[in-house]
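# Architecture and fold: a report
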Amino acid sequence: MSITRRTLLAATCLAAGSLAAGGPASAQGDYPGSKVVTIIVPFAAGGTTDLLGRILADRLGARLGGKFIVENRPGAGGNTGVAAAARAPADGYTLTMGTVSSHAINPGVYAKMPYDHIKDFAPISQVASVPNILMVNIDLPAKTVPELIELLKKNPGKYSFGSSGAGTSTHMAAELFKVSTGTDMVHVPYRSSGQVTQDLLSGQIQVSFDNITIAWPHVQAGKIRALATATPKRLEVAKDLPALSEFIPGYDASSWHGFFAPAGVPKEIVAKLSTETQAIMKEPAVIEQLKKLGVDPVGSSQAEFTAHIASETKRWAEVAQKANVKIE
């Protein structure tokens, strides 16, 4: 399997021929009609959140007979773009992708948030769950998780790990690892997963956790060593790779991605978007494309997603407190 941006972009073209230019959607009611709907992605283009957002934009446009576009607004672990969505008019024409970072982790690690992740949004659906994997530079003398733990314990603070930003799932996955194993590493935050990968390849950093969609091609090419998945169980696409829970009971640092509307958007519109998103994530072609990439389609209901956000917020707040992670 080769997980590349081109492969995942293919999923966004599943219905390109049926995407309307923005005419009225009479069969679906008056939304979205001829007005363009913008989906804010709070991370850079090419990442997992961006690519999932583009799948939704394409399929929603095809299903609702309107035009949905993606606008990337990266920064502050997702806070910049999500805050922009929170301030947008509550008319259904500005929506946002959100992640475990923006809607569960950040509220527990940032001293001041530019939005209220509960009050300022109407959850539409959890779109997908994306596993993170633990990787090390190929020259690091640790070929297994126990060997890495032993190395870090003998050399506290000597080695560094990279993340795609403070408060992101890739950052907190490492913090959970440190707390759970009694080890210490220096955190080096970057603006994107691509930068993390490049410095891991070159040896500027020695450890990282990242989405499997970004990291797996480098692992398969033998340029980066994968030690484990940051999941409760092994993955179908990487059956020979152990799960960290096999060494650290209860460990789970999976990343998830969801779809949100600003609070105040008419309930009928939010309900329609939720119904359509759930249907999209059950389309056989979408499922097949995402499964090949190690991404688990979810397509939860509004109620299920709301409950998941509450549970995850509590869990990551506890991790942040134990790891003493606070961003001023």
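Here the structure is a predicted model, which is why all the values come from computation and not from measurement.

With that settled, the discussion passes to the confidence of the model for the chain. Atomic detail in the predicted coordinates should be set aside for any region of low pLDDT. Considering every residue of the chain, the mean pLDDT works out to 89; 91% of them sit at 70 or more. Within the model, the stretch residues 1-28 combines pLDDT values under 50 with 72 contacts to residues more than four positions away or in other chains.

Another aspect to go through is the nonpolar core. A general feature of soluble globular proteins is that nonpolar side chains tend to end up buried together. Leu134, Leu148, Phe177, Phe209, Leu244, Tyr251 and Trp316 are the most contacted members of the largest nonpolar core, which totals 48 residues. Ranked by the residues each element gives to this core, the list is headed by helix α11 (residues 302-323), at 6 residues. Those residues in contact with Tyr251, other than ones at most four positions away along the chain, are Ala173, Leu176, Phe177, Ser180, Phe209, Ala230, Thr231, Pro232, Leu244 and Ser245. Counting residues in hydrophobic clusters, the runner-up holds 32 residues, among them Tyr31, Leu64, Val127 and Ala128.

This part is about the sheet that holds strand β9 (residues 224-229). Either a parallel or an antiparallel arrangement is found when strands of a sheet pair, and the pairing is made through backbone hydrogen bonds. In space, the 5 strands of this open sheet follow the order β7-β6-β8-β5-β9, with mixed pairing throughout. Looking at the sheet topology across the chains shown, the edges are occupied by β7 (186-189) and β9. For this sheet, the mean angle separating the axes of adjacent strands, direction not counted, is 30 degrees. Here 5 bridges tie strand β5 (residues 132-137) to β9, and the two strands are oriented antiparallel to one another. The residue bridging Val136 from the neighbouring strand is Arg225, located in β9. Contacting β5, β8 (207-211) and β9, helix α8 (residues 212-220) crosses the sheet at an angle of about 120 degrees to β8.

What follows is about helix α10 (residues 284-292). Along α10, the positions that sit buried rather than exposed are Val286, Gln289 and Leu290. Around the axis of α10, the buried residues are gathered within 90 degrees of arc, so they sit on the same side. Positive backbone phi, approximately 80 degrees, marks Gly294, located one or two places after α10.

Once that is clear, we can look at the environment of Pro114. With respect to the element layout, Pro114 can be found in the loop between α4 (100-109) and β4 (121-130). Pro114 sits 25 residues away from Pro89 along the chain, and the two C-alpha atoms are 16 Å apart. Beyond its immediate chain neighbours, meaning those up to four positions away, Pro114 contacts Asn79 and Ala83.

Looking at the secondary structure, you find Thr197 in helix α7 (residues 193-202). In this structure Thr197 comes out as buried when scored by relative accessible area, which is 7%. Setting aside residues up to four positions removed in sequence, Thr197 forms contacts with Asp210, Ile214, His218 and Ile224.

Cut-offs and rules
- Residues numbered from 1 in each chain as written.
- Predicted model: local features only at pLDDT ≥ 70, side-chain atom pairs only at ≥ 80, totals over all residues.
- Heavy atoms only, no water.
- pLDDT = per-residue confidence, 0-100.
- Contact = heavy atoms within 4.5 Å.
- Core = buried A, V, L, I, M, F, W, Y, C linked by side-chain atoms within 4.5 Å.
- Buried < 20%, exposed > 50% of the residue type's maximum accessible area, 1.4 Å probe, protein only.
- Helix = DSSP H or I, 4+ residues; strand = E, 2+ residues; numbered from the N terminus.
- Pairing = 2+ DSSP bridges.
- Axes fitted to C-alpha atoms, helices over the stretch in contact; angles between N-to-C directions.
- Arc of directions from axis to C-beta.

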